[in-house]
Amino acid sequence: MIHADNLHKRFGSVEVLKGVSLSMQKGEVIAMIGPSGSGKSTFLRCLNHLELINRGQIAIEGEVMARTDEQGHCHYMPDADVRRICRKMGMVFQQFNLFPHLTVLQNIIEAPMTVKGIKRDEIIPKAEELLHKVGLAAKRDSYPARLSGGQKQRVAIARALAMEPDIMLFDEPTSALDPELTGEVLRTMRQLAEEHMTMLVVTHEMAFAREVASRVIFMDHGLILEERPAEELFADPQHPRTREFLRNML
């Protein structure tokens, strides 16, 4: 589903990704953990073309989006192909990014109508089904200002799912929430995992990573230092930096 090979990313003189590789199979849930500034979010943004890599290769479901030639120059596919490939992935951010002037339902149907050309009367039943799925059917006609943070994030998840992606990317989806609101978002994500949605989740929620992820990746300073089945990594971390991080988090 995702194959990233030797990704390098610089912001000016700062190398944020220093050769990160990841292969992900259909139905896997992978949690990426590590300290802030370790490159986790940048890695996700590179997969979804929100940032451009300087070197490496990215393929989504077997289609190469970016590759590096023998001279070390990185080339992306034409823009239309990149957009088509990226539509296979839905992304949920730390901030909810809902349109404040649109109702919950309108926020969900906007992209399928605008990007995919789906007719309004065709997408509304799908949107209502998704709202029911995330427990917000009663908020259909509410505006974002009337929602809690947890409700906004669940709308954001429903909005991403409305595009029918094969892969969901989550960039610390609970970090902007009060602790009491975090649980409702994690419950929605657990449900997706139980339905075998392919998910790559950057998170500081160690319990979620331990219980839901099939694999856990620990990153620090732009490198993957450890990558193991969740149960093994939490029970017996091998890298000293992983052990130190988990001691501080658990």
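Residues numbered from 1 in each chain as written. Predicted model: local features only at pLDDT ≥ 70, side-chain atom pairs only at ≥ 80, totals over all residues. Heavy atoms only, no water.

Got a minute to help me understand helix α2 (residues 79-86) in this structure?
A turn of α-helix holds 3.6 residues, and therefore any two residues three or four places apart point the same way. Three or more residues of α2 are buried, namely V82, I85 and C86. Angularly, the buried residues of α2 cover 95 degrees about the axis, an arc narrow enough to put them on a single face. (Buried < 20%, exposed > 50% of the residue type's maximum accessible area, 1.4 Å probe, protein only. Helix = DSSP H or I, 4+ residues; strand = E, 2+ residues; numbered from the N terminus. Arc of directions from axis to C-beta.)

Where do I start with the packing of helix α3 (residues 104-116) against helix α4 (residues 120-133) in this structure?
Running from amino to carboxyl end, α3 crosses α4 at an angle of 130 degrees, the nearest separation of the two axes being 9 Å. The angle between α3 and α4 falls in the class oblique. Regarding α3 and α4, the two cross each other, and that crossing is right-handed. Contacts between α3 and α4 involve V104, L105, I108, I109, P112 and M113 from the first element and R120, I123, I124, A127, E128 and L131 from the second. Looking at the contact of α3 with α4, its residues break down into 10 nonpolar, no polar and 2 charged. (Axes fitted to C-alpha atoms, helices over the stretch in contact; angles between N-to-C directions. Parallel < 35°, antiparallel > 145°, perpendicular 65-115°, else oblique. Left-handed = near helix turned anticlockwise from the far one by under 90°. Contact = heavy atoms within 4.5 Å. Nonpolar A, V, L, I, M, F, W, Y, C, P; charged D, E, K, R; others polar.)

Looking at this model, I keep getting lost on the sheet that holds strand β4 (residues 55-60). Mind explaining?
Strands pair in a sheet through their backbones, by hydrogen bonds, and they do so in one of two ways: parallel or antiparallel. Pairing is antiparallel across the open sheet formed by 5 strands, whose spatial order is β2-β1-β4-β5-β6. The strands lining the two open edges of the sheet, one partner per strand, are β2 (14-24) and β6 (74-76). Strand after strand, the sheet turns through a mean of 20 degrees between neighbouring axes, direction not considered. When strand β1 (residues 2-11) meets β2, the two strands line up antiparallel, connected through 8 bridges. (Pairing = 2+ DSSP bridges.)

What should I look at first to understand the side chain of T242 in this one?
With respect to the helices and strands, the residue T242 is situated in helix α9 (residues 240-249). The class for T242 is buried, based on a relative accessible area of 0%. Each residue touching T242, except ones within four places of it in the same chain, is listed here: F218, E226, L233 and P237.

Just checking my understanding: could you explain the layout of surface pockets for this structure?
Think of a ball as big as a water molecule: rolled over the atoms, this probe shows where empty space is left. Counted as a void, the largest pocket has a volume near 700 Å³. For the lining of the largest pocket, the secondary-structure elements that each account for two or more residues are α2, β7 (89-92), α3 and α5 (149-161). Its residues placed into classes, the lining of the largest pocket shows 15 nonpolar, 5 polar and 5 charged. (1 Å grid on protein atoms, 1.4 Å probe; cavity = no way out; pocket = protein on both sides within 12 Å on 5 of 7 lines; lining within 4 Å. Points joined across faces, edges and corners; volume = space filled by probe spheres on them.)

Quick question: what am I supposed to make of the sheet that holds strand β8 (residues 167-171) here?
In spatial order, the strands read β7-β8-β9-β3-β10-β11; together these 6 strands make up an open sheet with mixed pairing. Looking at which strands have only one partner, the edges of the open sheet turn out to be β7 and β11 (223-229). Sheet twist, expressed as the mean angle between neighbouring strand axes with direction ignored, is 15 degrees. In terms of strand pairing, β8 meets strand β9 (residues 198-202) through 5 bridges, oriented parallel. When the bridges of β9 are listed, F170 appears paired with V201. Together, β7 and β8 form the strand contacts of α5, whose direction differs from that of β7 by roughly 170 degrees. Packing against the sheet, helix α6 (residues 179-194) makes contact with β3 (29-33), β8 and β9, and its axis sits at approximately 145 degrees to β9.

What should I look at first to understand the pattern of salt bridges in this one?
Between side chains of opposite charge, pairing is possible as soon as their charged atoms come close. Per the stated rule, a full pass over the model turns up 18 salt bridges. The partner of D141 in a salt bridge is R140, and the shortest N-O contact between them spans 2.9 Å. Accessibility expressed as a relative area gives 53% for D141, which makes it exposed. Between E232 and R228 there is a salt bridge; the shortest N-O distance is 3.6 Å. When its relative accessible area of 41% is taken as the criterion, E232 is described as partly exposed. Linked by salt bridges that have partners in common, E61, E63, D81, R84 and K88 make up one network. (Salt bridge = Lys/Arg side-chain N within 4 Å of Asp/Glu carboxyl O.)

Explanation requested: the packing of aromatic side chains in the structure shown.
For any two aromatic rings, the description comes down to two numbers: the centre-to-centre distance and the angle of the planes. One pass over the structure, following the stated rule, counts 1 aromatic pair. Arranged with centres 5.2 Å apart and planes meeting at 50 degrees, the rings of F218 and F245 form a pair that is tilted. Of this pair, F218 sits in strand β10 (residues 215-220) while F245 sits in helix α9, placing them 27 residues apart in sequence. With relative accessibility at 6%, the residue F245 sits in the buried group. (Phe/Tyr/Trp six-rings, centres within 6.5 Å; stacked < 30°, edge-to-face > 60°.)

Please clarify how the pairing of β1 should be interpreted in this entry.
Between β1 and β2, which pair antiparallel one after the other, the connecting turn spans 2 residues, and G12 there sits at a positive phi close to 65 degrees. In terms of strand pairing, β1 meets β4 through 5 bridges, oriented antiparallel. Considered in β4, the bridge of H8 is made with R55.

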